[in-house]
Structure formats: structure tokens, C-alpha cells
Amino acid sequence: MDIEEKVKLIRENLDKEIKSVQSTNDLSNLKVKYLGKKGCVTELTHDMANLSIEEKKEIGRISNELKSRVDAIFSECEEALKNKELEKKIASEKIDITLPSTKISVGSANILEKLIEEMEELFVSMGYDVVEGPEVEKDLYNFELLNLPKGHPARDAQDTFYTYESTLLLRSQTSPVQIRTMLKNKDKTPLRVICPGKTYRRDDDDATHSHQFTQIEGLLVDKNVSLADLKGTFDVVAKKFFGEERKTRFRPSFYPFTEPSVELDISCFNCEGKGCSICKGTGWITVGGAGIVNHNVLDNCGYDSTVWSGFAFGFGAERLAMLKYGISDIRTFYTNDLRIKDNFDRKDND
Amino acid sequence: MAISMNWVKDYIDLSGIDLKSLANKITDSGVNVERVVSHELNNLVIGEVKTCEEHPDSDHLHICIVDTKDEERQIVCGASNVRAGIKVIVSLPGAILPGGVEIKPSVIRGVESKGMICSLSELGLEEESAETRAKGIYILPDDAPVGCDAVKYLGLDDTIYELDLNPNRNIDCTNHIGFAYEVASVTGRKVKLPSSKTHPIEDSVQKHFSLEINTPNCLMYNAKMVKDVVIKESPDFIKNRLIASGMRPINNVVDISNYVMLEYGQPLHFFDKDKLGDKISVRMAEDNEEIITLDKKRRMLTKDDIVITDGSKPVCIAGVMGGENTEVDSTTKNILIESAIFNSYNVRYTSLRLDLRSEASLRYERGLNYEYCNMAIERACHLLEKYADGKVLSDTVTYDNIKKTKKTATVSLSDINTVLGLTMNSLDVKKSLDNLGFPYSVKDDIYTVEIPNRRLDVEAHKQDLIEEIGRLYGYDKIISRLPIVESKKGEYADSVRYRKLISKRLRSLGLNECRTYTLVSSEEDNLFKYDRKDKIEVLKPLSSDKKIVRQTLIPSLLKVYDYNKSRGVKDILLYEIANTYYDMDKEETKIAVLMKGNYISSNWNESKLKVDFYLIKGILENLLNYLGFNNRYQLKEKEIDDMHPYVSCEILLDQEAIGYMGRIHPKVIKDEIYVFEISMNKLMNKKVRPIKFKEISKYPSIVKDLAFVVDDDTTSREIVDTIKKAGGKLLTNIDVFDLYKGENLDSSKKSIAYSLTFSDPTRTLTEEEVMEIFNKIINEVIKKNNASLRDK
């Protein structure tokens, strides 16, 4: 058999055998059979001792050609095998994307805190400072300087926890922060502050009463301040928290530290003023109290009431949150049930 | 407060005014009419019982023929006091009684009945009780006109305003004359006061007794005497009006004192003159002095109580309650009437202390005006003469120490418009003042206004006048605007800003913010007594679980933990930032974190990260690093109350203790709960360097790993300290990558493996120089920490 025939035979055999390769193992066996030390391609160049230089050259050329051809076939086969194995591996990695996710722990704000933060941002944007004061407070600041002397019957409405004789108490309102702010401002310059904080009254806890609650109080001291200024400011709050279409109303009221005093009402967001159970048929909902700062309070704090005037307002944070989110039990804010987080911890519709 | 509008009509003409819309008007102007109640009883007529026979099939029913003018109807009646010849209230078929019972023609034990003869309780005009049931049907006077509307005849066609009063109007609107003035101020009509005319006999009170006031806390004391009174039932109009105002009629004399109080707001006290004797002396009580009050209870007095005495013993606690010893009873003949004003603070103090707050004591507390004090006693005499056949003595014994300076204030039109933000004109202002009934003079748009005594709540200040004028003019006319003020940026107070920073960081770390109660129980206060100071207690706690102002937030978070756990929540990650208080009024803001369960979790596969000491330590470090305290804090082993003695520590910042961290002691709670609590004040006090950019080295770093075997109680920090010292500047990071105890190691030993990183920002390090440092580290740790290198 001459060399040409041998080459032809090898190629025919390889074409057949390569088709039956299924794995990298098959392939390496085949490689040995053709290209190994005793492989049929390698053997072509054996027993060339008796041949002329010309013949040797010719056989060398032919065998090299064959070798590179075989190499190409093998690497082509190897590539195909790799692809097939990768596909198989990938196929084995198929997952059920409908299984539940891993819970990523993201914390949440307490509902009241969330509401307070929104209120603070609103007032900071109008140039108000956010200030705070102590919860264990002097009777002097909680009552006396607020135009509520000892024994004043209006104190009855605020049954108070005293902690030391009749001088220290758990503050029954955030108004003492107004007093502190005015007293602290030695230069007696205009003031705009908002002071959210915890307050306490001797109430038994039930769905609508809580011995601890939260007020958000604001104070503006300047010159020629009017109820119209207060109403405009209240409008901003009402629209921000209860919707652009809210109307507002002042009802005459009484607070010892403001005069005139008003109740802050918004048109009912549930019935749009037609009358429903939320607004008790009146079409209006009271959300806070306010008024023009009483002259005695200004004078008590070193602001000459013949020069300065101001308005003050207060909201119950719990009441606002109960109305805004439709919460019926005030204790909801203090039990901290983590299950409510799922529907609360998101951006609001604003 | 319940106001009878029939009664108010005595003082002001309300013809043509709808009482429902009047109520709305009054509410809008600041006196809140909470509810308008009218007795809507129809088909009630006056009937005359013509005949009354016993029902053949019953032992208590009667068959009556009743003339109701339209017909003579047969009615079956079960009352024991029904008899022929009396006038009664008949509800005709079609009447609906309170409670919704409709009267229909019916057959009762075989006898036809066309209506019902009524008692007052059946009509809802008296409380239903054994006493009222025994009274049976209501018998009308003989002159009652048959066939007429019984409701109207009895004056029961009343409309009641239930008021929800603000504390300032509790003074003048808790009586019918005062309320009539309020009605006048919204309607513009005039108030007419009732008659106080008497026909005095020629006898002087002064002959019968003397008055002595021995305390400045009695500001005014009027006394009049009425002789020969006849105690009996009050006339219907008095009874009906008292009932409408929520008071129970008793007898004519007692009822008259209440009636006058509800008219003028001035409480009166009636003494039985014969029991009292011939002297009244008002003084402060002595400590431990005693009196038996009308409710038959022995009361111990103090030197802050004002008492009326007969010269020696107390006969009445001023403004609070009378004494049994001088009580008016069914045999009383001669009455001494007291109309007085006492120091309201004393009355308040005494009534609160004795828990004897009454309609009268509340009125003394809120304040009384001397004009009404004088008028009320005259009015009482008038009524006693008319309805108790009394003989009024001609004069009054009076003590009067009231300052009577007129309350006047001035206010200008521009003041009014500036404060209200309105554009009222002088006509508007005049109309408001006229309606209020405040006398005034005006010059150049400046009003000088006199405030009547009946309005004790209105002070002599322009702000008070502006409020009165404004509320009547109507706040609905105010047009909103934003304040015209200097523009400036709004700022958060430092403490608020700092708290918010921390809060937001903790939320981003997966913790849920809590808001819990400041007041806790003794049991809670006794837990976690770390760095505890003098506690603050509420003087009169409402309940034992809200008694002490807390100094630690951890027990409150544990409560939240329990609440959630019992509702099936497994992974509980909480924080709270709140103020704590101690030593009377010292404040410290604390940050508390509680963690239990998995930090990250998935039920069906293995991706979970369980909370342990090192995880909460990670939260703490993350927070402290965020606040700029990198490398300034360390943990110190320390036993802390109620914390696991071997899994907890104190936290030091710049060597100062700021709080503690670790696992809660299993004796407190078995669950594996980790907490820390630190002082925000202590964090805030520390200075922090500004942020400076630090370049990351461009040159490659060399990492070397090694493991030491050390004694079990050697801490990683001790080893790290040695490594750091030996490693010098080129050692830029130390990490622990393995901790091993057990097989192949002595039981008192452990192995800790460290990964050390060496680098220099200015050049590439050589293997030789790193090995030199590395070997130095090994030698130092072996020497200083009693360690050996672990075999590879």
C-alpha cells in the first residue's frame, strides 16, 4: 500500500470514528489512536530508513498535512463537545422563579414618626426651626407662664402627672417648648418654630384615649400677625396631609394661651362635606387648635406685647394619623406590631 | 350643661326663631351646642275620668270611661291610683311613647281599650324606678282643660340645648340668664331679667341674728330670712325645668335654691334658722375639726377649708356642702338664705380633697359675680313667697369685700382688623358690641368698652374685646394668606438632627422604629440596672404599670418583642430612641436596639443569617463608624445586671463608658435575644473630624495568613494589639478568618487564624521585607500572648 492509499484509509476511518465520539474520554482515546506514539498518523513516518531523501521529504509533507487536518477535526469535535456539555450544565441549572424570595431586612419608621417627619419637612421649608424640650417639665413652663396660674379651673381639662410636689410634672402639652424658645431668644427677634413631642395626661388607655400622646405645636412671633396668616398656614398643612381639595374653617374656641382662640377644622375628606360618620354629619373634622398668642404669654417671655404678636397652633399627631390612615385604635401607635410594616413602609401617594 | 329653651324664653323673646338654626348660629360663634333635644310627643291630650270600674277578669285592672272632648273612650288602666273624677294624661291611638312603643286600639282580657292613661315615667319625663312606679299615673290639677294638648299644658314642649362648653364659658353659660345673653348676642334681641319683687313683713333680720366674717377668703356674704315657709311639692314648671336641666325635684324649698342657681349661676344655701341659732361666723376651719355633712358622712377639715359656723361649731363647709345639724327638712318653718362668694381656690381645694364636687361647688370654683350674688337672693325670696307661702323679712345682712372697679378696655378699629386679618368697618364693630350688650363709647374709631360683671372670662384687654367682636362677626369671613415675614432657612435643633441621623441609619440597617411608653412598672424599672440614678416616680399613678419614669428602654422593647412573638412574628429587629429621666429632672436620650431571629432569612433554602453577638456588634460598629468614631471605641468585658455574664460587655468610647451590649440573661427570658443600649448625649458631646479623602494605594498589597494556638481565655483583641504593634505602618489590615476548638487541640486551647495585609501607598513591597515583619509578628505573639503557631 503506498502512502497515498494509507492516508486515504486513515481519513476515511477517522471520518467514521469521529462520528461516534460522545465524550471527552472518547475523544482522547481517539486522539491516542491517531496521534499517539503508536498512532496510525505517527506511524506513517516510521520505517523511513530505507527511503531516499526525496521520498522522505514527500512522506514528511504528506504526513504533516494529514496531521494538521486530523488536529483540525479533533479540535472541531472538542469544541462541539464543550458546547454540548455547557448546554447540559446550563440546562441542569434551571430554577423555579416563582419560589419565595430571600427576605432582605429593611427597617421602618414608626407611623407617628413618619407623620412628624413629613410635618417637620413642610415647616422647615417655610423657614421654621424644629426645636424640642424636656418631657419632665416645670409647672412654671407647662402652666403658669402659659396664663394658667395654679388653681385655674382650665387646668382641669389637663389632668396632669406630677412627679415632685406641685412644681415638676410630665408635660401635658408641648406648649412649654414655646415658652422656653421665647425665653431663650435673648435678642427678642422674630421666631418661627415647630416642636413635636411626647405629652402625658392622666387618662386611662382605651381605643381613643392614651396617657401618652404626641403633639405637634408651632409658634410664629413677629409683628402684626393676624388670624388670616394663621389660616393661610393651616391651609398649607390641611392640603399637604389631607389633599389639595380640602377646605378649612376656624371655629371660635378657648385656650388660656391664645386669644382669639380657634378650632382648626377641615372639610371632611370622606364625604366631601356632605356629612358622614367620620365627620359626625357636620361635614367638618376638627384636627387641631390655634390662636393669636395671648398678650400675657408674650409679656411673660419678655416679648413686649404692644410691639410683638404671634400665632400658635397645635395638632395631635395621633389624631392626624388616625384620620389620614383610617386607624381606629390609638394603641396601634404604641404596640409596634411589625406585621403592619408591609403596607406602611413605602412612599405615600403625594 | 343642659339648657331649657322654654326657660330661656322667659328672659328673651324668641318668637319666629327656629331653635335648630339658632343652635348652629350659637355654635358657630363659639358656644358649642352639642345636641338639640326636643320632646316630640304627639297625640297626648288631657282627659277626665268619668267612671272607673274593676275589670271582671283581673285583680288590678280598671275599666275607665275617659272624656277626651272628641269622644268618651273606654280605656283599660292598671294603675292603683286611677279613680273617677280626676284629670289625666291620655295617649291616644297613634301616639309613640319614648322607646318606640306605639299606642293602638286593643283588647285587654276581653275588654276593648282605646288609648292609655300615662305616668310621667312612661312619657320619659321621670326616671323609671320603683318609687315612680308606685306613684302610678300622673294626676293633673282639677282645672286642666279637657281635650287640650297635655305636653303643652305641662310645659313639656321644651327644646333642650346640650352644651359642650370651653372652660372660659363655663362661668356664664351654665345658667339660663347668662345663656340668654349669649342668645341675645347672636340674635340682636334684648334680655329681660325676671321679677324679684317681694312683700316684706315688718321685721328685720338683724333682730334675729348677727354676722361675723373672720377670714379674707369670704369675699361677700348676704343673708336674708324667710319665715313660715310651707314645705310641699314645687309647681310643675319648676319641676319640669329642673328635670330638663338634669336635676331631680325634691321639694319646693330645695327646688327653689336649685332653680335660682340655674337662673343666675349663684349657688344658695338654706339653713333651718331655728336649728342654726342667732349667729353666723365665717372662718377658716381648724385642722381635724369635724362636721357631719348633708350626706350623713363625717368629714375631717383642715385649716385650708372655709367653714360657716354658728359661732362655735361648723354648720356648713363653704361652697361645698351644708351640715346635717342645720338641714332644711319637712318640719322647717324659718329659713336663712345664704348667697355668698368665697375664694374659689379654697372651694376648689376643699371639694377636690373631700371628693365632693357638685353643681354648686363647680360654680364657686369658676367664679361668681357680685351683681348676681345680690340679685339671686332677692329672686329666691320672691319665689319662696310665691311658692312656699314664706314671709320675707325686710332687710339683708351683708358683708361685702369685693373690689368693684369697672372693667374697661379700649380697642381701635385698626387693632381689630390687624389681629383678625379682616376689613370690618365701624358699623360691624358697633353691631357686635351692641349685641354683646357691652356698653361703649367711640371716638376716632377708638372704642372704650365696659365689660359687664356677668362676663368674668373677658379681661380688660383689647385682645379679649377683639375675640368677642370677631367671633360674632364670623371667622368665616377671614381670607387666608401666608405670613409676610423675613425669609430664612429652617433648621433642626442639634439634638433633633443627630437623633434623625441615627434613626435613619438604624432603619437602613434593618431595624424597625418603636414608640413605647415613658412610664413603666416597678418590675420593668428593676431590670437592666446599668448606670442607674435616682428614679422619678409619678405622685398619683393611674395604675401600677405606669408608675416610674423609665431610665432604660430595653424592658419596653422586650414588651414589643413579646407582643410580636405571640402574634407569630419570628424575626424581630427593633430600635427606639427616647428620652429617659432621673434625679428630679435630668434628661438623657438613649438609643436601644433589640434583635432576635434571622437578620436575613428564607424558609425554603439555606440563605439565612442568624442574629448573634457578632451581628449586633456589627450593627453597633456600623452606627459608631457612621457617626465618625472609627477606631475610638472598644468593648470591655463586664458583668451587667440581667445580661448574660459571658455574652455581654460594656461599650467604651474614648475610654468613657457609653452603654452595654450582649445577650439578655436566660433568667430574664429564655429566648436568645441580643440588645444594646447607649447614651446619645455622650455620643453628641464628642468632636468628630471632618471627612478627608484617603487615596487607595496603587501598588499591590501582600497578604499573609497564619494561625495561632492560644489559651481559651486569650481574647482576639489582645492578639491583635500585639500584631498591630509589631506590624507597624506597613500592616494595613487584620482579619480573622477562622476560629477552631476541638479535635487535635488541648481542651484549654483554641486556634485563631488571621489574614494580614501589607501595603505601602508609595511603592511595591518586597517579599523579603514583608517576611521580616511577618516573622517579627509571629515571635511577638508567641512571646506576649503565650501562643504557638498552629501546624499547617
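Given the structure is predicted, the values throughout are model-derived calculations rather than measurements.

Draft legend 1. Seen up close, the overall build of chain B. From N to C terminus, chain B includes 21 helices and 44 strands. What you see for chain B is a C-alpha radius of gyration of 42 Å, clearly larger than the 28 Å of a compact globule of 792 residues, by over 25%. Projected onto its principal axes, the C-alpha positions of chain B cover 130 × 80 × 60 Å. Residues classed as buried in chain B amount to 51% of the 792 residues present.

Draft legend 2. Representation of the overall build of chain A. Scanning chain A from N- to C-terminus turns up 12 helices and 10 strands. Over its C-alpha atoms chain A spans a radius of gyration of 44 Å, topping by over 25% the 20 Å that the globule rule assigns to 350 residues. Expressed as lengths along the three principal axes of its C-alpha atoms, the size of chain A is roughly 135 × 50 × 40 Å. Within chain A, contacts between residues separated by at least 24 positions form 66% of all contacts whose residues are at least 6 apart in sequence. Computing the positive centroid from 50 side-chain charges and the negative centroid from 59, chain A places the two 3 Å apart.

Draft legend 3. Spatial organisation of the interface of chain B and chain A. Counting residues at the interface gives 87 residues for chain B, matched by 90 residues for chain A. On the chain B side of the interface with chain A, the three residues burying the most area are B:Arg515, B:Tyr517 and B:Leu542, jointly 11% of the side's total. Close ionic contact of B:Arg507 with A:Glu117 constitutes a salt bridge, the shortest N to O distance being 2.9 Å. The class makeup of the residues in the side of chain B that touches chain A is 37 nonpolar, 21 polar and 29 charged.

Draft legend 4. Structural context of the packing of aromatic side chains. This structure, assessed with the given rule, holds 21 aromatic pairs over all chains. Where A:Tyr325 meets A:Phe344, the ring centres are 4.8 Å apart and the plane angle is 75 degrees; that geometry is what we call edge-to-face. Taken together, the residues span a long stretch of sequence, with A:Tyr325 in helix α10 (residues 317–325) and A:Phe344 in helix α12 (residues 341–344) at a distance of 19 residues. Through successive ring pairs, a cluster of aromatic residues spans A:Phe123, A:Tyr128, A:Phe234, A:Phe311, A:Phe313 and A:Phe315. One residue, B:Lys404, lies across the ring of B:Tyr370, its end atom 5.2 Å from the ring centre. Over the ring of B:Tyr181 we find B:Arg454; its NZ or CZ atom is 3.7 Å from the centre of that ring.

Draft legend 5. Up close: the environment of B:Ala376. Residue and element names in this part refer to chain B. Residue position: Ala376 is located in helix α11 (residues 370–387). Separated by 180 residues in sequence, Ala376 and Ser196 place their C-alpha atoms 8.5 Å apart. With residues near it in sequence (within four places) discarded, Ala376 still touches Val260, Tyr264, Gln266, Leu268 and Ser339.

Draft legend 6. Structural context of the pairing of strand β27 (residues 440–443) of chain B. Residues and elements named next belong to chain B. Relative to strand β28 (residues 446–451), β27 is paired through four bridges, and the arrangement is antiparallel. By the bridge assignment, Lys443 is partnered in β28 with Ile446. The antiparallel pairing of β27 with β28 creates a hairpin that spans two residues between the two strands, and Asp444 there sits at a positive phi of about 50 degrees.

Draft legend 7. The arrangement of the sheet that holds β27(B) in detail. All names here are of chain B. Across the sheet, three strands lie side by side as β26-β28-β27; this open sheet has antiparallel pairing. Single-partner strands in this sheet number two, and they are β26 (407–412) and β27. Ignoring strand direction, the axes of neighbouring strands in this sheet form an average angle of 15 degrees. Helix-sheet contacts for helix α12 (residues 413–420) involve β26 and β28, and the interaxial angle to β26 is about 75 degrees. Across the face of the sheet, helix α14 (residues 462–473) comes into contact with β26 and β28 while running at roughly 70 degrees to β26.

Draft legend 8. View of the domain arrangement of chain B. The domain boundaries assigned to chain B delineate domain 1 (2–39 + 158–187), domain 2 (44–153), domain 3 (205–400), domain 4 (411–451 + 460–477), domain 5 (494–684) and domain 6 (702–789). Relative placement of domain 1 of chain B and domain 5 of chain B: their C-alpha centres are 56 Å apart.

Draft legend 9. Structural view of the pattern of salt bridges. Residues and elements named next belong to chain B. Summed over all chains, the structure comprises 84 salt bridges over all chains. Of the charged contacts, one joins Glu162 and Arg35 as a salt bridge, the two residues approaching to 3.0 Å between their closest N and O atoms. Placement of Glu162 in strand β13 (residues 159–164) and of Arg35 in strand β2 (residues 32–38) is noted, with a sequence separation of 127 residues between them. Look at Arg35 and you get partly exposed, because its relative accessible area is 47%. Put simply, Asp295 and Arg299 hold a salt bridge, and the shortest N to O gap is 2.6 Å. Residue Arg299 is classed as buried on the basis of its relative accessible area, which comes to 11%.

Draft legend 10. Summary view of the domain arrangement of chain A. Along its sequence, chain A is organised into domain 1 (3–92) and domain 2 (111–344). The gap between the C-alpha centroids of domain 1 of chain A and domain 2 of chain A is 92 Å.

Draft legend 11. Local environment of the nonpolar core. Ranked by internal contacts, the top residues of the largest apolar core, which has 123 residues, are A:Val287, B:Met5, B:Tyr161, B:Phe179, B:Phe270 and B:Ile337. Aside from chain neighbours lying at most four places away, what touches B:Phe270 is B:Val253, B:Ile256, B:Ser257, B:Thr326, B:Val328, B:Ile335, B:Leu336, B:Ile337, B:Ala380 and B:Leu384. Listed in part, the 36 residues of the second largest apolar core include B:Tyr221, B:Val320, B:Val347 and B:Cys373.

Draft legend 12. Structural context of the environment of B:Glu286. Tracing the backbone through its elements, the reader meets B:Glu286 in the loop between β17 (279–284) and β18 (290–292). As a C-alpha pair, B:Glu286 and B:Leu301 span 15 residues in sequence and 6.8 Å in three-dimensional space.

Draft legend 13. Spatial organisation of the environment of B:Ser697. All names here are of chain B. Tracing the backbone through its elements, the reader meets Ser697 in the loop between α19 (680–684) and β41 (702–711). For Ser697, a relative accessible area of 25% translates into the label partly exposed. Setting aside chain neighbours within four positions, we find Ser697 in contact with Asp760 and Pro761. Within the structure, the side chain of Ser697 is placed 3.2 Å from the backbone nitrogen of Tyr699, a separation counted as a polar contact. Here the side chain of Ser697 touches Asp760 through a polar contact of 3.2 Å, landing on its backbone oxygen.

Draft legend 14. Structural context of helix α1 (residues 3–19) of chain A. With 17 residues, α1(A) extends 25 Å between its outermost C-alpha atoms, agreeing within 8% with the 24 Å of an ideal straight helix rising 1.5 Å per residue. Where α1(A) is buried, its residues meet α2 (24–35), α3 (40–43) and α4 (53–92) of chain A.

Draft legend 15. How the structure looks around the sheet that holds strand β2 (residues 136–138) of chain A. Residue and element names in this part refer to chain A. Read across the sheet, three strands follow the order β2-β4-β3 without closing on themselves; strand pairing throughout is antiparallel. What marks the edges here is a single partner per strand, and that holds for β2 and β3 (162–164). Within the sheet, the average angular offset between the axes of one strand and its neighbour, ignoring direction, is 40 degrees. Across three bridges, β2 lies against strand β4 (residues 168–170) in antiparallel orientation. For Lys138, the partnering residue across the bridge sits in β4 and is Leu168.

How each quantity is defined
- Residues numbered from 1 in each chain as written.
- Chains lettered and ligands numbered in written order.
- Predicted model: local features only at pLDDT ≥ 70, side-chain atom pairs only at ≥ 80, totals over all residues.
- Heavy atoms only, no water.
- Helix = DSSP H or I, 4+ residues; strand = E, 2+ residues; numbered from the N terminus.
- Rg over C-alpha atoms; globule rule 2.2 N^0.38 Å.
- Buried < 20%, exposed > 50% of the residue type's maximum accessible area, 1.4 Å probe, protein only.
- Contact = heavy atoms within 4.5 Å.
- Lys, Arg positive; Asp, Glu negative; His and termini not counted.
- Charge placed at Lys NZ, Arg CZ, Asp CG, Glu CD.
- Buried area = accessible area lost by both parts, 1.4 Å probe.
- Salt bridge = Lys/Arg side-chain N within 4 Å of Asp/Glu carboxyl O.
- Nonpolar A, V, L, I, M, F, W, Y, C, P; charged D, E, K, R; others polar.
- Phe/Tyr/Trp six-rings, centres within 6.5 Å; stacked < 30°, edge-to-face > 60°.
- Lys NZ or Arg CZ within 6 Å of the ring centre and 35° of its normal.
- Pairing = 2+ DSSP bridges.
- Axes fitted to C-alpha atoms, helices over the stretch in contact; angles between N-to-C directions.
- Domains from an automatic or database assignment.
- Core = buried A, V, L, I, M, F, W, Y, C linked by side-chain atoms within 4.5 Å.
- Polar contact = N/O pair within 3.5 Å; in protein donor to acceptor, adjacent residues only side chain to side chain.
- Expected span 1.5 Å × (residues − 1).

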